[in-house]
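Structural overview
Residues per chain are reported as follows:
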Amino acid sequence: MVLEAIKYTPRSLAVLDQLRLPHESVYIPIKNSVDGFNAIKSMTVRGAPAIAIVAALALAVELANTEFESADDVREFVGDRLKYLVTSRPTAVNLSDAARKLKNLVNETEGDAKAVVRAYIAAAEKMLVDDVSDNKNIGKYGLEWAQKTIGTDKFSILTICNTGSLATAGYGTALGIIRSIHGAGLLSHAYALETRPYNQGSRLTAYELVHDNIPATLITDSMASVLLKTHPGIKMIVVGADRVAQNGDTANKIGTYQLSIVAKHHGVKFVVAAPTTSIDIQTKTGQGIVIEQRKPEELVTVRGPVVDKDGKVNKEEAKTVHIAAPGIGVWNPSFDVAPAALIDAIVTEKGVAEKDQNGEFHLETFL
């Protein structure tokens, strides 16, 4: 069974509620752009590629079920809605990039209102199809790079957050590379960081690894350094990306920066997996990336199903528990930036970017 985070048919969209995983698989209907905004903002759906696709398809469903008098009415409506959707998660460049392209498309499409709506819907649907193909290419190129750089003996990999089928339209980016390496018989073991405070690693990546029967172990975020020290079989850390600056600086889930540092110290390859839609060529360095600040409650509370006296999980009863001292201040950035100097390779669907003799990436050649 293939994991499916996004279910779409013309005029209908539903997303897997990732806040209820891994204990329940519940799909939430998305009927319009407001539903799409709320699903993205609440992290019911997350992952840079997935949120761009869900935003685009949410508006596609809304357009398909709305009557317009003129093409200009459609263009104005699309422009306003896309601007609104982009504000749901500002750090992920895929969303703003998709919004810009879709807005340009409707502005350039000639014909009546129905023609403009059809053009938008076709473009949004193509995003869904293209993402799976792009992810499989990322996996292919990541495998080839690993074989060339690390060798053909089995090795282990460490990853953070969730970058698999649940973060994309299917297969995944960083987790897609792990899937490809596993499929080639080269993966000894995968290690997943729990990824506090939202626990995407323990809830989602662990769910996917178990689903695919990939040998894997979950660790806390604070165990990464000693894991690398005591497990020399780990040869690669592979992470996703929410935004890659022109110079290669990469914004990703909080904790990625510290992984890039410990990778350098232990001589472990540090690899970013990102579709070219995550490359922001207009932002020169990571200093120009806006980092989203999340609400304090996410850090000081945990929600999940109740465990009974026998140690069994009761899926029917979920509770929120406060785990910090009342009144303590909270700093909760959702992302940090791994500097290009600490990144060995950036794997895209078009190939692998590596630094030249001057230590510089040339990502413009992939766009």
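The coordinates are above.
Let me begin by describing the structure that accompanies this report. (Residues numbered from 1 in each chain as written. Predicted model: local features only at pLDDT ≥ 70, side-chain atom pairs only at ≥ 80, totals over all residues. Heavy atoms only, no water.)

Taken in spatial order, the four strands line up as 11-8-9-14 in an open sheet, and their pairing is mixed. Strands at the two margins of the open sheet, each flanked by one partner only, are strand 11 (279-280) and strand 14 (335-338). Relative to strand 9 (residues 250-253), strand 8 (residues 243-245) runs antiparallel, the two sharing two bridges. Across the sheet, the residue bridging to R243 is A251, located in strand 9. Each of strand 9 and strand 14 is contacted by helix 9 (residues 256-266), which is oriented at about 30 degrees to strand 14, the strand it contacts most. (Pairing = 2+ DSSP bridges. Helix = DSSP H or I, 4+ residues; strand = E, 2+ residues; numbered from the N terminus. Contact = heavy atoms within 4.5 Å. Axes fitted to C-alpha atoms, helices over the stretch in contact; angles between N-to-C directions.)

With 12 residues, helix 7 (residues 200-211) should cover 16 Å at 1.5 Å per step; its first-to-last C-alpha distance of 15 Å lies within 8% of that length. Among all positions of helix 7, only Q200, G201, R203, L204, T205, E208 and L209 are buried. Those residues of helix 7 that are buried lie in contact with strand 4 (155-159), helix 6 (174-183), strand 5 (187-193), strand 6 (216-219) and strand 9. Positioned one or two residues after helix 7, N213 has a phi angle of 55 degrees, which is positive. (Expected span 1.5 Å × (residues − 1). Buried < 20%, exposed > 50% of the residue type's maximum accessible area, 1.4 Å probe, protein only.)

Next up on the list: a negative patch on the surface. On the surface, a cluster of negative charge is contributed by E69, D73, E76 and D80. Within the fold, D73 resides in helix 3 (residues 71-86). (Patch = residues over 30% accessible without salt bridge, like charges linked within 9 Å, V, L, I, M, F, W, Y side chains within 5 Å. Areas by Shrake-Rupley, 256 points an atom, 1.4 Å probe, with all protein chains shown as cover. Salt bridge = Lys/Arg side-chain N within 4 Å of Asp/Glu carboxyl O. Lys, Arg positive; Asp, Glu negative; His and termini not counted. Charge placed at Lys NZ, Arg CZ, Asp CG, Glu CD.)

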